[in-house]
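Report on the structure
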Amino acid sequence: MDRFDVAVVGGGPGGATAAAFLARAGLRTLLVDKERFPRDKSCGDAVCTKSVRILRELGLVSAVEREVCARVESQVMVGPDGAGLHLPLLGAGGNDAVYVVRRERFDNILFQHARSLPQVTALEGFSFADFLYARDGSVAGIAGTDAGGHERRYAASIVIGADGAMSRVAARAGAYSFSHKNHDHWIAAFRVYFRDVAGLADELEIHFLDELMPGYLWIFPVGGGEANVGAGMIESAVRAGEGGSRINLRQRTYELLATHPRLRQRFAGAKEVAGSFRGGQLPCGSERRPLAGDGWMLVGDAASLVDPFSGEGISNAMHSAMLAAEYAAQALREGTAHTGGLLRYEARVWKELGPELDTAYRMQTLARHKWLLRFVLKRAATRPRVRDAIVAMMRDPQAVRGLTRPSFYLRLLAS
């Protein structure tokens, strides 16, 4: 049986980033994925500044820029009554960037980079089934089947689960029971590509529409004259619907594209890219699950680190992967991987990402109140001082908490 220091299950942004940083630490790493790359993934495709900084550290920014993509500098949030709030995404004079690039291309860049490293062995078409266990009951590797259906077993001191929202690693570790989901902390979403959407600019569009609350519609340029169009809604609202009947999110969104006064002209001549529809489930960081135990760790969607307000998950996947590699290397040096050493990773994640996720959840909760959302966006659209205050808050992870405090809304009333 082949032996590795670390086995990473899942080759998306979280898994590939973890493998790259594990290789930097000199660790022999196995990277497996059930699919073959390049492969598609349901997502808004936005690669934000936190992710770009990690790409820069890995030397992969130029690889992203060589792909067909869009580079955006602002986003607009449009309220139910049409009031729009334009927010710059980048600070003046900096070298940050925000890209919108198809996940099929973005994930392949990261996966092929990890595969190229001499410390990494990458296997595609491998489906994880369970952990291997040592005689003392500790995690000792992974078992699964290869593309030919043959059982394979690989020994590893640590297993990192980066296998997405419905993570088998999380389930086998006992970190989460998918049969008892709390639907208030999951988002149902889909995305589809359109060509020739009228009025498309190098800007992220977020549309809050009464028919999609609590949730929103997005329109993101992806380059080449195409747009990533999608919608997300809190799962509990989708399941309840009007009169207790489940909402068909796809059908409702398509109806809005065809009939809504702000959208129908823009999509009148647009053409859906055949076969581009992808649906998914997003586990939000508002519900904290265990992230590590003796011999195992979780990153990204497998760790439930999706932003509850924006639905964005790539940046937290890559950031948590970088931290996982750091603490895996430390635990292996110290010999503490099976005696509680990996729990320091969990504490670090919640220390660094927890406050942002908590604030995002409070913002999501506030946005469920349609009258409040209308009020804030209308004030911001018509009063430059309010807009500037919100822009300043959105740029500062500490100050953004002010958006969830009653004092902020009292000041809005007086403005």
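First, a word on what this report is: a plain description of the structure on this page. Model, not experiment: these values are computed from the prediction. (Residues numbered from 1 in each chain as written. Predicted model: local features only at pLDDT ≥ 70, side-chain atom pairs only at ≥ 80, totals over all residues. Heavy atoms only, no water.)

Moving on, we get to helix H11 (residues 370–382). Taking 1.5 Å as the rise per residue, H11 with 13 residues should run 18 Å; its terminal C-alpha atoms sit 18 Å apart, in good agreement. Listed as buried for H11 are Leu 372, Leu 373, Phe 375, Val 376, Leu 377, Arg 379 and Ala 380. (Helix = DSSP H or I, 4+ residues; strand = E, 2+ residues; numbered from the N terminus. Expected span 1.5 Å × (residues − 1). Buried < 20%, exposed > 50% of the residue type's maximum accessible area, 1.4 Å probe, protein only.)

Look at the link from Phe 37 to Pro 38: it is a cis peptide, with omega at 0 degrees. Take Pro 38: it is sitting in the loop between strand E2 (29–33) and strand E3 (46–47). Here Met 213 and Pro 214 are connected by a cis peptide whose omega angle stands at 0 degrees. Of note, Pro 214 is situated in the loop between strand E13 (204–207) and strand E14 (215–223). Positive phi values are uncommon outside glycine, yet Asp 196 reaches one of about 60 degrees. In the Ramachandran plot, Ser 304 falls in the positive-phi region, its phi being about 60 degrees despite a non-glycine side chain. Summarising the element assignment, Ser 304 is placed in the loop between strand E19 (296–298) and helix H9 (314–334). On the basis of relative accessible area, Ser 304 is assigned to the buried category, the value being 1%.

As for its position among the elements, Arg 103 is in helix H4 (residues 103–116). Residue Arg 103 is classed as buried on the basis of its relative accessible area, which comes to 7%. In terms of polar contacts, Arg 103 uses its side chain to reach the side chain of Asp 107, at 2.8 Å. Not counting residues within four places of it along the chain, the set of residues in contact with Arg 103 comprises Pro 13, Arg 39, Lys 41, Cys 43, Asp 45, Asn 108, Tyr 193 and Ile 314. (Polar contact = N/O pair within 3.5 Å; in protein donor to acceptor, adjacent residues only side chain to side chain. Contact = heavy atoms within 4.5 Å.)

Turning our attention to the packing of aromatic side chains. Tallied over the entire structure, the rule returns 15 aromatic pairs. Following the ring pairs from residue to residue traces out a cluster consisting of Phe 190, Phe 194, Tyr 254, Phe 267 and Phe 277. Sitting over the face of the ring of Phe 4, Arg 28 holds its NZ or CZ atom 4.4 Å from the ring centroid. In this arrangement the basic side chain of Arg 289 is found over the ring face of Tyr 176, its NZ or CZ atom lying 4.1 Å from the centre. (Phe/Tyr/Trp six-rings, centres within 6.5 Å; stacked < 30°, edge-to-face > 60°. Lys NZ or Arg CZ within 6 Å of the ring centre and 35° of its normal.)

A word on the sheet that holds strand E7 (residues 98–100). Ordered in space as E3-E7-E4, the three strands form an open sheet in which the pairing is antiparallel. Both edges of this open sheet fall to E3 and strand E4 (70–72), since each of them pairs with a single strand only. Bridging between E4 and E7 involves three bridges; their strand directions are antiparallel. Looking across to E7, one finds that Val 72 is bridged to Val 98. (Pairing = 2+ DSSP bridges.)

What follows covers the pairing of E2. Taking burial as the measure, the five residues of E2 include five buried ones, the bulk of the element. Covered by surrounding structure in E2 are Thr 29, Leu 31 and Asp 33 together with Leu 30 and Val 32, the residues of both alternating faces. Of the strand pairs in this sheet, strand E1 (residues 3–9) and E2 are connected by four bridges, and their pairing is parallel. Paired with Val 9 across the two strands is Val 32, which belongs to E2. One ladder, built from five bridges, connects E2 with strand E8 (residues 120–124); its direction is parallel. In the strand pairing of E8, Asp 33 is matched with Glu 124.

Our next topic: the packing of helix H1 (residues 13–24) against H4. Two numbers describe how H1 lies on H4: the axes approach to 8 Å, and their chain directions differ by 20 degrees. Taken as axis vectors, H1 and H4 run roughly parallel relative to one another. In the packing of H1 onto H4, the handedness of the crossing is left-handed. Every residue of H4 that contacts H1 at Pro 13, Ala 16, Thr 17, Ala 19 and Ala 20 is listed here: Arg 103, Phe 106, Asp 107, Leu 110, Phe 111, His 113 and Ala 114. Within the contact of H1 with H4, the residues separate by chemical class into eight nonpolar, two polar and two charged. (Axes fitted to C-alpha atoms, helices over the stretch in contact; angles between N-to-C directions. Parallel < 35°, antiparallel > 145°, perpendicular 65-115°, else oblique. Left-handed = near helix turned anticlockwise from the far one by under 90°. Nonpolar A, V, L, I, M, F, W, Y, C, P; charged D, E, K, R; others polar.)

Looking now at the pattern of salt bridges. In the structure shown here, the tally under the stated rule is 20 salt bridges. Residue Asp 107 pairs with Arg 103 through a salt bridge whose shortest N-O separation is 2.8 Å. Taken together, the positions of Asp 107 and Arg 103, both in helix H4 and four residues apart, correspond to about one turn of that helix. Accessibility assignment for this pair places Asp 107 and Arg 103 in one class, buried. Among the ionic pairs, Glu 226 bridges to Arg 195, the shortest N-O distance being 3.3 Å. Linking Glu 226 in strand E15 (residues 226–234) with Arg 195 in strand E12 (residues 186–195), this pair joins segments that are 31 residues apart in sequence. Residue classification places Glu 226 among the buried residues on the basis of a relative accessible area of 11%. For Arg 195, a relative accessible area of 38% puts it in the partly exposed group. Salt bridges linked by common partners bring Arg 39, Arg 103 and Asp 107 together as one network. (Salt bridge = Lys/Arg side-chain N within 4 Å of Asp/Glu carboxyl O.)

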